[in-house]
Amino acid sequence: MRGERREAVAEQSVRTHAADTMAYQVATDVRALRAFVSAGALARGLSRERVELLTLAVSELATNTLQHTTGGGWVRLWAEPGQLFCDVVDHGPTRALGRSMPATDSVRGRGLAIVEQICDDVAVLTGPGETVVRIRLSL
């Protein structure tokens, strides 16, 4: 089901909607990033329970950026009627979706699997010099 909806997520254009943006470059920025995402999502009408899920997803994606790429990244957050979108953007390689959860004794590899489990839709988009992981949650 999730795979069927990825095209709809990918077709959304942030340019036509007012988006808040925050950059992050080091691990100590992630705390402020979580606060930014939480406040922005609450202000746009996402329930507190869903805000926690969104914040977890963005934290996982930002942590992946900081561990696997250079130069940090940025987050864009905006709402449309009935839905909230969040882009996590960096200069890293394209990420593969559809990962299964690793074994319980695995030390790494859960981040993208968690994001796919807790968000309504997830898509990976690429542009000149950037990779975007776009997530959507229903309001």
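Details of the structure are given in the entry above.
Cut-offs applied
Residues numbered from 1 in each chain as written. Predicted model: local features only at pLDDT ≥ 70, side-chain atom pairs only at ≥ 80, totals over all residues. Heavy atoms only, no water. Phe/Tyr/Trp six-rings, centres within 6.5 Å; stacked < 30°, edge-to-face > 60°. Buried < 20%, exposed > 50% of the residue type's maximum accessible area, 1.4 Å probe, protein only. Helix = DSSP H or I, 4+ residues; strand = E, 2+ residues; numbered from the N terminus. Expected span 1.5 Å × (residues − 1). Contact = heavy atoms within 4.5 Å. Axes fitted to C-alpha atoms, helices over the stretch in contact; angles between N-to-C directions. Left-handed = near helix turned anticlockwise from the far one by under 90°. Nonpolar A, V, L, I, M, F, W, Y, C, P; charged D, E, K, R; others polar.

A. Up close: the packing of aromatic side chains. In this structure the tally under the stated criterion is 1 aromatic pair. Centroid distance W78 to F85: 5.2 Å. Interplanar angle 10°. Geometry classified as stacked. Both residues of the pair, W78 and F85, belong to the buried class.

B. Just helix α3 (residues 48-68), in detail. The end-to-end C-alpha distance of α3 is 30 Å, a good match for the 30 Å that 21 residues give at a rise of 1.5 Å each. When we look at burial in α3, the residues that qualify are R50, V51, L54, T55, A57, V58, S59, L61, A62, N64 and T65. Along its buried surface, α3 packs onto β1 (20-24), α2 (29-43), β2 (73-80), β3 (83-90), α4 (111-118) and β5 (130-138).

C. Inspection of the packing of α2 against α3 at higher detail. Interaxial distance between α2 and α3 falls to 9 Å at its minimum, and their mutual angle equals 145°. The crossing of α2 and α3 is right-handed. For the pair α2 and α3, contact is made by V30, L33, R34, V37, S38, A41 and L42 and by R48, V51, L54, T55, V58, S59, A62 and L66, respectively. The residue inventory of the contact of α2 with α3, partitioned by class, reads 10 nonpolar, 3 polar and 2 charged.

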